[in-house]
Amino acid sequence: MMPLLSRITSASLDEDYEHVAARRALDGRPASDGSKAWTAVVIVAVFGLMAVIAVVQTSRDAAATEEGRQGLIRQIGIARDSLAAKQSTLADLREEQTELTERLADVTDAERREARETLDLSVVSGYAAVKGEGVRVRLDDSPDGSGEGVVRDEDLATLVAGLWEAGAEAVAVNGQRLTSVTGIRTVNAAIHVKTYPLRPPYVVEAIGDTATMQADFAESSSGSTFLGLRNAFGFEFDIRNDDDMTLPGRSMPSLRAASVRVPAPENRGTTQ
Amino acid sequence: MIAALGLLAGIVLGLVLQPDVPLWLEPYLPIAVVAALDAVFGGLRAFLDGIFDDKVFVVSFTSNVVIAAAIVFLGDKLGVGGQLTTAVIVVLGIRIFSNVAAIRRHVFHA
C-alpha cells in the first residue's frame, strides 16, 4: 500500500492515456495521432470559456461583497457615533446624578438640622412633651375662706413669672402646659389657662435645676412679690422638688394671620 | 498550437459574452474549473509524452468536471461542502503540480 501522497503523484497522469497507447502499439498504429483532432481544441476552448466565466463571476461577486462590506462599515460608523453620543449623555447624566446626590445629602442634613432645631424650639415653647427634674408648687385658697384669700389670676401669673425667672424651662398648671400664647386670666369665678378652666388647688409644675430653683424663686422679683401676696392673703402654698416629672406638650396652633418673616439668606456656601 | 488558439478563442468568447451563471450552478463552477485545469494539464503532458488521445482527453475532461461538481453538490447536501471542496482542491492541486513538473521536464529537457 502506497502512501496517499505518492499514490496521487504517481497517478497524476490519467492511466487511460497509457492504456490506449498500449492498445495502439498492439495494433501497429502510432502511439498518438497528434493534436489535429478538433474535439481537443473544442474542449480547450470550453475550458477557457469556463475559466473566464468563473473569473468574471467571482470578480462580480467580490464587487457586490465589497459594496455590502462598505455599507456595513458605514452602518458601524453611524452606530459608533450614536453610541459615543449616548455614552457622553450617560456621563453627563451620571455627573448630574452625583451632583444631585450630593445636594440631596446636603438637603437631608439641613432637614435633619431643622427638625432638630424645631424639636428644641418645641421644647422651649411648650409644644413638645418634656420630662426631667423640677419643682412642684401646690397653691390653694386661704383656708379661712375669706374672699380676699381666693387665688386670683394675677397671683397665679406672678407665681409662674417667678418660676420663669428662677430658670424654669417648662411650666404646666394643673397639667396645662404654658406656651408663649397661653394666658392666665380669670373668667367669672374660675381661673382659665388659655381656655381651660382650673379648679383649686392649683398645681404648678416647673422643670428646672432643683438645686437652685427654689432659692432663685425666692430671690426673683416676681417670686418675692408672690411670697408677699401669699403672706398678705394667707394662701396655702407648698413647694418641693421632684426628680422625675413629665409635662405634656400642646398641639401646635395653626397660624392664620401671622406668617414667617424669612430673613435674608446668608451665604453659607451651600449649593443653590 | 491549434489547442492554444482554441483556448484563446474560448477566453475571448467568455470576455465578449460575459454570460450570467445560473445561481444553482455558481458554487460548482470554480471547482469544475480546477478539475478542468487538471484534465488540460494531463492532456498536455500526454501530448508531450507522445501518447495523447483526443477521446481519452474528452472523457477525462468531462468526467473530471462532472465528478468534481457532483462531489461538491453531495457535500453541500450533507453539510460538509467546504471540507469536501478542500479535499478535491488538494488532490487536484497535487496532480496539477506533478503534471506541470513532468511538462517542465519535457520542455526544458531536464
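First, a word on scope: everything that follows refers to the structure included in this document. Predicted, not measured: the structure shown is a model, and the values here were computed from it.

All names here are of chain A. Spatially, three strands are ordered E4-E5-E6 in an open sheet, and the strand pairing comes out antiparallel. Among the strands making up the open sheet, the edge pair consists of strand E4 (184-187) and strand E6 (196-198). Each strand axis lies, on average, 40° off the axis of its neighbour in the sheet, ignoring direction. Here four bridges tie E4 to strand E5 (residues 190-193), and the two strands are oriented antiparallel to one another. Within E5, the residue paired with Ile 184 across the bridge is Val 193. Running over the sheet, helix H4 (residues 153-165) touches E4 and E5 and is turned about 170° from E4.

A separate point is the interface of chain B and chain A. In this complex, chain B contributes 40 residues to the contact, which on the side of chain A involves 33 residues. For the side of chain B that touches chain A, the secondary-structure elements that each account for two or more residues are helix H1 (2-17), helix H2 (29-49), helix H3 (54-78) and helix H4 (81-108) of chain B. Top element by residues in the side of chain B that touches chain A is H2(B). It accounts for eleven residues.

A few words now on helix H3 (residues 38-125) of chain A. Under the 1.5 Å per step criterion, the end-to-end length of H3(A) is 125 Å for 88 residues, consistent within 8% with the ideal 130 Å. Within two residues after H3(A), Gly126(A) carries a phi angle of roughly 95°, on the positive side.

A word on the sheet that holds strand E1 (residues 130-140) of chain A. Residues and elements named next belong to chain A. Read across the open sheet, the five strands follow the order E3-E2-E7-E1-E8; overall the sheet is antiparallel. In this open sheet, the two edge strands, each paired with only one partner strand, are strand E3 (176-177) and strand E8 (236-247). The sheet contact formed by E1 and E8 spans ten bridges and is antiparallel. Directly across from Val 137, in E8, lies its bridge partner Ile 239. Across the face of the sheet, H4 comes into contact with E1, strand E2 (170-173) and strand E7 (202-207) while running at roughly 15° to E7.

What follows concerns unusual backbone geometry. All names here are of chain A. In this structure, Asn 174 is a non-glycine residue whose phi angle is positive, near 45°. On the secondary structure map, Asn 174 appears in the loop between E2 and E3. Take Asn 174: there are 16 C-beta atoms within 10 Å of it, and that puts it in the partly exposed class.

Moving on, we come to the nonpolar core. Core analysis: the largest hydrophobic core is formed by 41 residues, its most contacted members being Val44(A), Met50(A), Ala32(B), Ala35(B) and Ala36(B). Among the elements of the structure, helix H2 (15-27) and H3 of chain A together with H1, H2, H3 and H4 of chain B are those that each provide at least two residues to this core. Residue contributions to this core peak at 13 residues, all from H2(B). The residues contacting Met50(A), other than those within four sequence positions of it, are Leu29(B), Ala32(B), Val33(B) and Ala36(B). One finds Ile191(A), Val204(A), Met213(A) and Phe226(A) within the second-largest nonpolar core, a separate group that totals 27 residues.

Criteria and cut-off values
Residues numbered from 1 in each chain as written. Chains lettered and ligands numbered in written order. Predicted model: local features only at pLDDT ≥ 70, side-chain atom pairs only at ≥ 80, totals over all residues. Pairing = 2+ DSSP bridges. Helix = DSSP H or I, 4+ residues; strand = E, 2+ residues; numbered from the N terminus. Axes fitted to C-alpha atoms, helices over the stretch in contact; angles between N-to-C directions. Contact = placed C-beta atoms within 7 Å. Expected span 1.5 Å × (residues − 1). Buried ≥ 20, exposed ≤ 12 C-beta atoms within 10 Å, placed from the backbone. Core = buried A, V, L, I, M, F, W, Y, C linked by C-beta atoms within 7 Å.

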